[in-house]
Amino acid sequence: MKRYILTRAFYSLITLWLLATIVFGMVRLTGDPVKMRGEVGADAAYLDQIRRNWGLDKPLHEQYISFIGNLLRGDFGHSFEKSLPVGTIYFERFPNSLKLGFSAFVISIVLGVPLGMLSAFKVNTWWDNFGKVIALLGLSIPGFFVGLVLIIIFGVELGWFPVLGKGPSAFVWGDPSTWVTFWFQDWHYLAMPAFALGWYFSGAMVRITRSGMLEVLGSDYIKLVRLKGVPERMVMAKHALKNSMIPILTLAGLNLLVMVNVAVVIEVIFNWPGVGQLLYDGLSNRDFPMVQGVVLMSGLMIVVLNFVIDALYGYVDPRIRLSR
Amino acid sequence: MSKGLLSLIASLVLTFAPVCAQEAAAQQILPGPLVKLDIKDAQVMTARGKPKAALTIAQHFALDPGWLDPLEHITALTQQHYDYLIHDAMIKPMPQGVYTYSLAERAEITADFTRAAFRLRPGLRFHDGHLLTSADVKWTYENYKGVHAKTFRDKLQRIEIVDDRTIIFHFKAPFVEFLELYNGATTGIGWIVPKHYYEKVGRDGFKARPLGAGPYKFVSQEAGVQMVFEAWEQYWRRSPATKTIVVKGIRDHATRLAGLQTGELDLAYGMTGKLLPRVMTDRNLRWDPNFTGPWWLMFPGYNEPDSPFHKKPVRQAVSLAINRQFLVRQETQGIGIVVGNWLSPENSDALKGDGTELPVPEHNPEKAKQLLAQAGFPNGFDFDWYVPFVPYFDMGERVLTDLRAVGIRGKLQVLEGPAFRAMIIRGRKGYTGNRTIVQNIDPRPGVRGSIGVYAVCGASASFVCEREIETLWSKHQESVNPDERDRLIKAIQRTLIEEYYFVPIYWNPFVAVVGPKVLPEGKAVSRYWDTVHAPYPWPWEVWEVKE
């Protein structure tokens, strides 16, 4: 088991190194940030000075070595656009993204799983059609449209919810009193962006739950349970749902990562200060360190999650660790 | 008896003190003949009110903490939004004039432009109570790294501190543009930074928590998202009227409008566009046209013989093909003004494009077709790209439709903002071929600066290289005679327009919208946009909002 874990850890590190190298190269293909930053009419000396400040005057291999060296020390560099360390800005924003992503995740589960179960249980009935329509709408209506409609109806017309930002509460790393309170304050700011973000993912949850349940409900062991006269409610809750949870949980985990890291459109529309907006700003302004930092942090989360899942698979199923 | 004597002395002191102060202010610093400077006096309010309520502003892009540091000033006018909040300049544009005394109460430049002197107001302080002296002015100059830093460094011979309030800059050679560049409108070098604090907290520390001598103190920021400022009641000119100013970075147009409608925002910029009709019909909102600069067209590579735009009649046909009035209605709900110059009429030395000095461009498709036929294009011609300023793609399509109507056929090139800037900043090298039209706008103040960037051979964003203009420009650069310089700069403008090197379209409104909390009521709110060349409504200390 120890060897298996060490091998997975080694693969994870290689993946991260590859990701760092690719993102380092890719951002540099998008153009010269100095010229974009410099604005029209900026004199050459000024542009040269910016280039020096940003370390872009050095040969590419030196930039790369310095980038990897800084990464090993946990330093993502200085944002070109926001003029502060990327790590400082990222960790200021990350709790906001986590709050939005997790709330949207809960909404997508609460809406998607029961509706998917109902669709499967009452297959080819009115309920099933209703579930299918919701799934279709969830997947086909873009989040920005849902967001704008929510803003107009519940923000502007009815005035029930604020439309901008996350509210005054903040997660401050240096202030432990905010570590708990932050998650339970300003929910009225969270309601609309969380719904708009969760709505899209709930459509996918309806579909995956329905198809998973239908597959399980058609299996031999469910037929046997039914033949034994187990009440239908027990069949669903105890036997069917439990066994159809694996694909649902896999999708939910990936959805959560996506919602936390790249909720760009929803964050822009609701002016939610999350890491998605950071990535968007970084890409728009060719802010190399910011793009590198956000992408690497997202990659790190995915790699760590996969590593944990791999380790757990190896723990619960000896065949996996022995075969690798 | 003694009480009466004391009150007599006190009244004498009160009577004569301002007179003495005025005399001190009027006392000449530099010997010899001086240039006559047109610098307006500051309006100082003696009665100090109590700041109240909060103003929430939506900037139309993510906020950069770098804007809080004048030492690294960028070319964009956006940084001045923050300069005017936290910092204060020696001289800066104010509603009463482009050059208005601020920290300085007196400025002098010798007639040979080799020395410039300033005297600070008495008793100036930074927000932490530390005195602002000529040592801070010197330190700011010496440590400035922003736009035009090299020019300032190369021209400087030495800085002489006469006393705590008086400073003299000695230049190696005549520095005719000094005041124009030192003025708060153009660079950050005249916005004074506290030496003691900057040295203590460093570059990053200053951006994270800046300190200045302006009307507002920095309170907090979330990088890119929000900045909060609080009134500094000891500001020398007056107490700010509004207690708290919150600036939010909100990219999305519709979100800014929603924020205004829900009352979460009191002021939003960049509202020209598709949602403008909704702004105009909302009874709770008021707007100011906030004219910035005119739109104009340029022809990269026009001076190469194989370019279709090489011949003047073709460029003239482009101008005649454009239905500017229609564009103004579609793009700005009729607010824009058709003008015949590519430079903002707010520049005192810009030729007026309203028919008095330069003609208002006409729309005459038939004449355009005739000119094309005369130029050898009876059936029109195809060109490669029409490149509009980002994100004005609808406007680009409309211009293209007008051009197609006379036979000038091209495709729209849709770029993103940084890519457009990166191309234009490279000048001729930014565009391959010579069959492209570029649509641009640049609200920078100063005619000289604009010509130096866009209309001179080899300049950073120039597609123009004409012997006639070069001759005029060289004479202008060599001259220290203000009248001659003015005449030369106007001659260049006339050539650019009459030869159709540039084709102006209309003077663009960069509409700003205010919510119901902002005082005064009604259209009088437009007084906040009285400062010329200001795309944003500074100074901030005069803004009033309801509680």
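Keep in mind it's a predicted model, so treat the numbers as computed, not measured.

1. Let's talk about the overall build of chain A
- Helix and strand content of chain A: 15 helices and zero strands.
- Across the 324 residues in chain A, those meeting the buried criterion constitute 41%.
- Within chain A, contacts between residues separated by at least 24 positions form 71% of all contacts whose residues are at least 6 apart in sequence.

2. Points about the overall build of chain B
- On a plain count of helices and strands, chain B comes out with 16 helices and 21 strands.
- Its C-alpha atoms give chain B a radius of gyration of 25 Å, within 12% of the compact-globule value 24 Å for 547 residues.
- Residues counted as buried form 50% of the 547 residues belonging to chain B.
- Pairs at least 24 residues apart make up 72% of the contacts formed inside chain B by residues separated by at least 6 positions.

3. Quick notes on the pairing of strand β2 (residues 91-94) of chain B
Residues and elements named next belong to chain B.
- Residues I91 and P93 point to one face of β2 and K92 and M94 to the other, with burial holding for every one of them.
- Summarising the sheet, β2 and strand β3 (residues 97-101) pair through three bridges and their orientation is antiparallel. The residue bridging M94 from the neighbouring strand is G97, located in β3.
- Connecting β2 to the antiparallel partner β3 that follows it, the hairpin turn spans two residues.

4. Overview of the interface of chain A and chain B
- With 37 residues of chain A at the interface, the matching set in chain B holds 44 residues.
- It is helix α7 (residues 143-157) of chain A that contributes the most residues to the side of chain A that touches chain B, four residues altogether.
- Each residue belonging to the side of chain A that touches chain B can be placed in one class, and the counts come to 17 nonpolar, 11 polar and nine charged.

5. Focus: the environment of E39 of chain A
- In this structure, E39 of chain A sits in the loop between α2 (33-38) and α3 (44-53).
- For the pair E39 of chain A and I269 of chain A, spaced 230 residues apart in sequence, the C-alpha separation works out to 27 Å.
- Apart from residues lying up to four places away in sequence, E39 of chain A is in contact with I74, T75, A76 and R421 of chain B.

6. Structural notes on the nonpolar core
- L197 and V294 of chain A together with L103, A268 and V513 of chain B are the most contacted members of the largest nonpolar core, which totals 161 residues.
- Among the elements that make up this core, the one with the highest residue count is helix α9 (residues 187-217) of chain A (15 residues).
- With residues near it in sequence (within four places) discarded, L103 of chain B still touches D88, A89, M90, L120, R121, L124, L132, I192 and A213 of chain B.
- Within the second largest apolar cluster, 69 residues are counted, among which are I322, A455, V464 and F502 of chain B.

7. Quick look at the sheet that holds strand β7 (residues 166-171) of chain B
Residue and element names in this part refer to chain B.
- Strand order in this open sheet of four strands is β4-β5-β7-β6, and the pairing throughout is antiparallel. Strand pairing shows two members of the sheet lacking a second neighbour, β4 (104-109) and β6 (156-163), which therefore form its edges. Averaged over all adjacent pairs, the angle separating strand axes in this sheet is 15 degrees, with direction ignored.
- Strands β5 (115-120), β6 and β7 of the sheet are contacted by helix α3 (residues 134-143), whose axis makes an angle of about 165 degrees with β6.

8. Observations concerning helix α1 (residues 2-27) of chain A
- Compared with an ideal rise of 1.5 Å per residue, which puts 26 residues at 38 Å, α1 of chain A spans 38 Å between its outermost C-alpha atoms and is within 8% of the ideal.
- Those residues of α1 of chain A not exposed but buried are R8, F24 and V27 of chain A.

9. Side note on the confidence of the model for chain B
Residue and element names in this part refer to chain B.
- When the pLDDT values of chain B are averaged, the result is 92; 95% of them are 70 or greater.
- A low-confidence stretch, residues 5-19 stays under pLDDT 50, and its non-local contacts, those more than four residues away or across chains, total zero contacts.
- ipTM for the predicted complex: 0.82, alongside a pTM of 0.86.

10. Details of the pairing of strand β10 (residues 242-249) of chain B
- Note that strand β1 (residues 52-59) of chain B and β10 of chain B share seven bridges and pair parallel. Paired with L55 of chain B across the strands is I245 of chain B, a residue of β10 of chain B.

11. Considering the environment of T133 of chain B
Residue and element names in this part refer to chain B.
- Mapped onto the secondary structure, T133 falls in the loop between β5 and α3.
- For T133, a count of 19 C-beta atoms within 10 Å gives the class partly exposed.
- A C-alpha to C-alpha distance of 9.2 Å links T133 and P122, two positions 11 residues apart in sequence.

12. Here's the deal with the environment of V133 of chain A
Residue and element names in this part refer to chain A.
- Along the polypeptide, V133 turns up in helix α6 (residues 126-140).
- Of the residues examined, V133 has 12 C-beta atoms within 10 Å and is grouped as exposed.
- Residues V133 and G203, spaced 70 residues apart in sequence, show a C-alpha to C-alpha distance of 9.0 Å.

13. Re the sheet that holds strand β12 (residues 286-288) of chain B
Residue and element names in this part refer to chain B.
- Within the open sheet, the seven strands sit side by side as β8-β9-β10-β1-β11-β19-β12. Their pairing is mixed. Taken across any chain shown, the strands that pair with only one partner, and hence form the sheet edges, are β8 (216-222) and β12.
- By the bridge criterion, five bridges tie strand β9 (residues 226-231) to β10 in an arrangement that is antiparallel. For M227, the partnering residue across the bridge sits in β10 and is V247.

14. A few points about the packing of helix α5 (residues 86-121) of chain A against α9 of chain A
- Packing of α5 of chain A against α9 of chain A brings their axes to within 5 Å, and their N-to-C directions diverge by 35 degrees. Two packed elements cross with a definite hand, and for α5 of chain A against α9 of chain A that hand is right-handed.

15. Looking at helix α16 (residues 482-498) of chain B
All names here are of chain B.
- When the terminal C-alpha atoms of α16 are compared, their 24 Å separation across 17 residues agrees well with the 24 Å that a helix rising 1.5 Å per residue should span.
- Listed as buried for α16 are L488, I489, I492, Q493, L496 and I497.
- Structurally, α16 contributes buried residues whose contacts are with α14 (447-454), α15 (467-478) and β18 (502-509).

16. Regarding unusual backbone geometry
Residues and elements named next belong to chain B.
- A cis amide bond links L519 to the next residue, P520, at an omega of 0 degrees.
- Relative to the helices and strands, P520 is located in the loop between β20 (518-519) and β21 (544-545).
- With an omega dihedral of 5 degrees, the bond running from W538 to P539 counts as a cis peptide bond.
- The residue Q333 is not glycine, and still its phi comes out positive at about 55 degrees.
- Here Q333 is to be found in the loop between α10 (324-332) and β14 (337-338).
- Given 17 C-beta atoms within 10 Å, Q333 falls into the partly exposed group.

17. Remarks on the packing of α7 of chain A against α9 of chain A
Residues and elements named next belong to chain A.
- In the contact formed by α7 and α9, the axes pass within 9 Å of each other and the chain directions differ by 145 degrees. Crossing angle aside, the handedness with which α7 passes α9 is right-handed. Counted together, G143, V146, G147, L150, I151, F154 and G155 of α7 and M192, P193, F195, A196, L197, W199 and Y200 of α9 form the full contact between these two elements.
- Looking at the contact of α7 with α9 residue by residue, the classes come out as 11 nonpolar, three polar and no charged.

18. Things to note about the confidence of the model for chain A
- Confidence in the prediction for chain A averages 88 pLDDT; 97% of positions are at 70 or higher.
- Per-element confidence in chain A is highest for helix α4 (residues 60-72) of chain A, whose mean pLDDT is 94, and lowest for helix α15 (residues 318-323) of chain A, whose mean pLDDT is 64.

Reading the values: rules and limits
- Residues numbered from 1 in each chain as written.
- Chains lettered and ligands numbered in written order.
- Predicted model: local features only at pLDDT ≥ 70, side-chain atom pairs only at ≥ 80, totals over all residues.
- Helix = DSSP H or I, 4+ residues; strand = E, 2+ residues; numbered from the N terminus.
- Buried ≥ 20, exposed ≤ 12 C-beta atoms within 10 Å, placed from the backbone.
- Contact = placed C-beta atoms within 7 Å.
- Rg over C-alpha atoms; globule rule 2.2 N^0.38 Å.
- Pairing = 2+ DSSP bridges.
- Nonpolar A, V, L, I, M, F, W, Y, C, P; charged D, E, K, R; others polar.
- Core = buried A, V, L, I, M, F, W, Y, C linked by C-beta atoms within 7 Å.
- Axes fitted to C-alpha atoms, helices over the stretch in contact; angles between N-to-C directions.
- Expected span 1.5 Å × (residues − 1).
- pLDDT = per-residue confidence, 0-100.
- Left-handed = near helix turned anticlockwise from the far one by under 90°.

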